[in-house]
Amino acid sequence: MRHIRYSPDLRASLTLLAVVTLASCSGPSITVYDGREQLTLQNIFERSSGAGRAVLSSDGRTVAVSGSGSAGPGIYAVPTAGSGEASVEQAAFWVQGGSQTWSPQADRLALTRGGSLWVVARGQSDGIEVADNLSGVRAPSWSPDGSSLAFYATDSGYQDVWIVAADGGSEPRQLTTEAAEIDDARFTPMWSPDGRWIAFVSNRADWWHDDVWLVEVASGGTHKVSSSLMASSSPVWSPDGSSLVLMGTAKDEYWYEDLAYLYRIDLDFGVGRPRPSREAPIEMQVYATDAIMRFDPFWSSDGQRIFFPYHERGAFDLWAVPASGGVATRVTNIGGSWASLHAAPDASVAVFTRDAPTEGRETWLVDLAGGVPRQLTDFSTKLVGVQKPVEIAFQTFDGLYIQGFLYLPPALQGMGEGTRDVAEYRGPACPALVQVHGGGTNSYYQGTNLVEQYLANQGFVVLAINYRGGSGFGRAFQDLSIEDWLNDQSKDPGAASDWLKSQPWINGKVGIYGGSYGGMQSMSAITRTPDKFDAAVPMRGIYSEALTLPYADRLGKIFTITGHGGTPEERPEIYAKSETLDRMDRITAPVLVMHGELDVRAPFENFELAVQRLEALGKEFESMTYPEGHGFRDPANSIDMYSRLEAFFQKHLGACEG
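A few points on the structure. (Residues numbered from 1 in each chain as written. Predicted model: local features only at pLDDT ≥ 70, side-chain atom pairs only at ≥ 80, totals over all residues. Heavy atoms only, no water.)

1. A look at the sheet that holds strand 28 (residues 329–330)
The strands that make up a sheet pair up through hydrogen bonds in the backbone, lying either parallel or antiparallel. One open sheet accounts for 4 strands, arranged 25-26-27-28; its pairing is antiparallel. Here the strands that pair on one side only, and so sit at the sheet edges, are strand 25 (298–299) and strand 28. (Pairing = 2+ DSSP bridges. Helix = DSSP H or I, 4+ residues; strand = E, 2+ residues; numbered from the N terminus.)

Here it is, written out as structure tokens:
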């Protein structure tokens, strides 16, 4: 149940403000301008967000795409040999479900629906339920001959690999035992080309480590084939079955995300059991991007080349590198933010899901022989007022330059880029916001970023920054946050505020907001640079790593412990650096803190501790919680959260004037 708590002296005025704000936002917008709809929170969170998972059939003729097209949400069949222009008519609704994957013969689709595993024939909407009465069914994977499906389920109390006949003629059989934690749903089981083995990722040998294992399908015998890496993608077999490639980081390094090594594991099957003859990164001049473990690399049909996504400065593209190592080269030059990637078995073509600042999330096709990618879908809602942000750099406290993306409100868009310091400026002045991204070692990607677009349209100058420690700028930049979380890192937002306040078109008021690690950054910034901000909205953050670590999920624990170089008992001086709770006495800005009550990535105890401390210190604050986990699922809760954020900043920062 949601609840809201205010400081006593603010309760009456804020209640009235919240009622007025929420009432003005109630109900989805239906106003349309030239086929585009209003940029409202309802349209952002309730209307189609575009294409999702996209997978190619083995014959390369059809893409199965999750999304909300003309017939509503579901899986659509999209031909690859289209007219060249994306159209709604090219995408035909097929079936309800998700986690879809094609059979090797391209005649059936496996998918999950209603907690069960289904197989649906091409061109049909009715299917066969091949696995039911199991909990946590996900990530189906076809055997090379199309007779069986491997998948993950949590019926054992762990993420374990199961197998079932694709015609539903047998009961599912559990293949692995205690492979991974029940809350770690990142990977897909991968069949060897001969169908004898399935590669999977497991922490069975060591709770802290994600190793690559093989399980023999016939016997269920398991073999660990990696020792030095932490997997951040599923392991993918070479066409001849002699090697695996995956993204990962070294166990003796910080557990990075987004800038991963491409590991190649060569296997020797002639010694009675599979054993690695090589386990090492592929030498190249760039890294691979797992994007919070959404992507897998893939091989060329001859096994000589490996394809992988990589992002620089928030923009993604597909790259390729010789399997033996060497110079990696770019395959696409389209940029944007990517959310899905899949190739045909012969690696002749690939599909990816992409959005960009003024383009919604759609599925694209690229010929891997070269050329220009082609858009296949047209699912995303077209919105009025979406702008391309201005990419800038500003100098931070120690002389480094930080990338930022500047979104301007309508009152300022007439001044061009709006970044020149005009001494005689007499135009409007608007309040500003600094957005700090989540993930810590991730990045602010160059996607549509509709919340920032919306806030700019509501009269705020929004500057989204890629602070130190994030990806996309090389390893040395990412290394700057190791064992220094929320310390120098939290001074970068303050420098962003200084830059904003120096502009003549800012009214002198600057707020800060973010979710997850961005919530941590928001709260930390107003304790370390309290004079820089006039209001703050930290969401879903961690405010005491030491006190709440025991309540975190497995990935949260690993991320925290590697980032601090050990446990709180082992490295108390490092945890003291990232401690925000003990610095809250320095806060001078009003705070709105919001959290999900079921959150275990940023444990809910952080919210409770923050509220207790703010109350004890007599700080001006508001608080709100929702019956959600770390990522909100109910659009109504997201709408409510950002409505409150908007009202809070309007109250404390003012509006555009002049």
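2. Considering the layout of surface pockets
Put simply, the second largest pocket is a space of about 240 Å³. What lines the second largest pocket is a set of 16 residues, and nearest its centre among them are His209, Lys251, Glu253, Ile558 and Thr562. Contributions of two or more residues to the lining of the second largest pocket are made by strand 22 (243–250) and helix 9 (554–564). If you tally residues by element for the lining of the second largest pocket, the top one is helix 9, at 3 residues. For the lining of the second largest pocket, the residue count by class is 8 nonpolar, 4 polar and 4 charged. (1 Å grid on protein atoms, 1.4 Å probe; cavity = no way out; pocket = protein on both sides within 12 Å on 5 of 7 lines; lining within 4 Å. Points joined across faces, edges and corners; volume = space filled by probe spheres on them. Nonpolar A, V, L, I, M, F, W, Y, C, P; charged D, E, K, R; others polar.)

3. Comments concerning the nonpolar core
Core analysis: the biggest nonpolar cluster contains 68 residues, and Leu262, Phe308 and Leu368 have the highest contact counts within it. Excluding residues within four positions of it along the chain, phenylalanine 308 makes contact with Leu262, Met284, Val286, Tyr287, Ala288, Pro297, Asp317, Leu318, Trp319, Ala320, Val321 and Ala328. With 56 residues, the next largest nonpolar core counts Tyr254, Ile506, Tyr543 and Leu581 among its residues. (Core = buried A, V, L, I, M, F, W, Y, C linked by side-chain atoms within 4.5 Å. Buried < 20%, exposed > 50% of the residue type's maximum accessible area, 1.4 Å probe, protein only. Contact = heavy atoms within 4.5 Å.)

4. Observations concerning the packing of aromatic side chains
This model, assessed by the stated rule, comprises 28 aromatic pairs. Ring geometry for phenylalanine 298 against phenylalanine 307: centres 5.0 Å apart, planes inclined by 15°, an arrangement best described as stacked. We classify phenylalanine 298 as buried; its relative accessible area is 9%. Considering the side-chain rings of tyrosine 467 and tyrosine 517, the 6.3 Å spacing of their centres and the 20° angle between planes classify their relative orientation as stacked. With tyrosine 467 in the loop between strand 36 (461–466) and helix 5 (475–479) and tyrosine 517 in helix 7 (residues 517–528), this pair connects stretches of sequence that are 50 residues apart. Residue tyrosine 467 shares its accessibility class with tyrosine 517, and that shared class is buried. An aromatic cluster of three or more residues is present, and its members are Tyr254, Trp255, Tyr256, Tyr467, Trp485, Tyr517 and Phe559. The cationic tip of arginine 113 hangs over the ring face of tryptophan 118; the distance from NZ or CZ to the ring centre is 4.3 Å. The cationic tip of arginine 554 hangs over the ring face of tryptophan 207; the distance from NZ or CZ to the ring centre is 5.7 Å. (Phe/Tyr/Trp six-rings, centres within 6.5 Å; stacked < 30°, edge-to-face > 60°. Lys NZ or Arg CZ within 6 Å of the ring centre and 35° of its normal.)

5. Some remarks on empty space enclosed by the protein
This model, assessed by the stated rule, comprises 2 cavities of 30 Å³ or more. Looking at the second largest cavity, its volume works out to about 30 Å³. Residue lining of the second largest cavity: Ile542, Glu545, Thr548, Leu549, Ala552, Gly556, Thr560, Arg601 and Pro603, and that is the complete set. Listing elements by their share of the lining of the second largest cavity, those giving two or more residues are helix 8 (545–548) and helix 9. Classifying every residue of the lining of the second largest cavity by side-chain character gives 4 nonpolar, 3 polar and 2 charged.

6. Comments concerning helix 4 (residues 450–457)
Burial analysis of helix 4 places 6 of its 8 residues in the buried class, which makes it a mostly covered element. Along helix 4, the residues classified as buried are Val451, Glu452, Gln453, Tyr454, Leu455 and Ala456. The positive-phi residue at the C-terminal boundary of helix 4 is glycine 459, with phi of around 110°.

7. Re the pairing of strand 17 (residues 197–202)
Among the 6 residues of strand 17, 6 are classified as buried, and the element is accordingly described as predominantly covered. Because side chains alternate across strand 17, one face comprises the buried residues Trp197, Ala199 and Val201, and the other comprises Ile198, Phe200 and Ser202, equally buried. One ladder, built from 2 bridges, connects strand 16 (residues 190–191) with strand 17; its direction is antiparallel. Each residue of the ladder has a partner; that of tryptophan 191, found in strand 17, is isoleucine 198. Taking the residues between adjacent antiparallel strands as the criterion, strand 16 and strand 17 are bridged by 5 residues, where glycine 195 takes a positive phi near 75°. Here strand 17 pairs with strand 18 (residues 211–216) via 6 bridges, running antiparallel. Residue valine 201 lies in a different strand from strand 18, and its bridge partner there is valine 212.

8. Brief notes about the state of the cysteines
One pass over the full model with this rule turns up 1 disulfide. The side chain of cysteine 430 participates in a disulfide bridge whose partner is cysteine 656; the two sulfur atoms lie 2.0 Å from each other. Taking the sign of the torsion about the S-S bond as the criterion, the disulfide between cysteine 430 and cysteine 656, at about 115°, is right-handed. In this pair, cysteine 430 is assigned in strand 35 (residues 430–436) and cysteine 656 in the segment after helix 12 (635–653), connecting sequence segments 226 residues apart. A relative accessible area of 0% places cysteine 430 in the buried class. We classify cysteine 656 as partly exposed; its relative accessible area is 28%. (Disulfide = S-S within 2.5 Å.)

9. Here we look at the pairing of strand 23 (residues 261–268)
Counted residue by residue, strand 23 has 7 buried out of 8 residues, so it is predominantly covered. Two elements, strand 22 and strand 23, share 6 bridges in a ladder whose sense is antiparallel. Each residue of the ladder has a partner; that of serine 243, found in strand 23, is aspartate 266. The hairpin turn running from strand 23 into strand 24 (residues 275–281), its antiparallel successor, is 6 residues long, and glycine 272 in that turn takes a positive phi close to 90°.

10. Examining the side chain of aspartate 492
Its place among the elements puts aspartate 492 in helix 6 (residues 492–501). Assessed through its relative accessible area of 0%, aspartate 492 is described here as buried. For aspartate 492, the contacting residues outside a window of four places in its chain are Phe394, Thr396, Phe397, Ile402, Ile465, Tyr467 and Arg468.

11. Some thoughts on the sheet that holds strand 10 (residues 116–121)
Pairing is antiparallel in the open sheet, where 4 strands are placed in the order 8-9-10-11. The open sheet has two free edges, formed respectively by strand 8 (98–102) and strand 11 (127–131), since each of these has just one partner strand. The mean angle between the axes of side-by-side strands here comes to 25°, regardless of whether they run parallel or antiparallel. Pairing geometry for strand 8 and strand 9 (residues 108–113), over 3 bridges, is antiparallel. Opposite tryptophan 102, over in strand 9, you have leucine 109 as the bridge partner. (Axes fitted to C-alpha atoms, helices over the stretch in contact; angles between N-to-C directions.)

12. Things to note about the pattern of salt bridges
When the charged atoms of two side chains with opposite charge come close together, those side chains can pair. Taken as a whole and judged by the stated rule, the model has 28 salt bridges. Aspartate 488 is the partner of lysine 491 in a salt bridge, and the nearest nitrogen-oxygen pair spans 3.1 Å. Among the residues examined, aspartate 488 registers a relative accessible area of 24% and is labelled partly exposed. In this structure, arginine 613 and aspartate 582 form a salt bridge, with 3.5 Å as the shortest nitrogen-oxygen distance. Placement of arginine 613 in helix 11 (residues 605–617) and of aspartate 582 in the loop between helix 10 (572–578) and strand 39 (591–596) is noted, with a sequence separation of 31 residues between them. What you see here is one network of salt bridges that share partners, running through Asp184, Arg186, Asp210 and Arg554. (Salt bridge = Lys/Arg side-chain N within 4 Å of Asp/Glu carboxyl O.)

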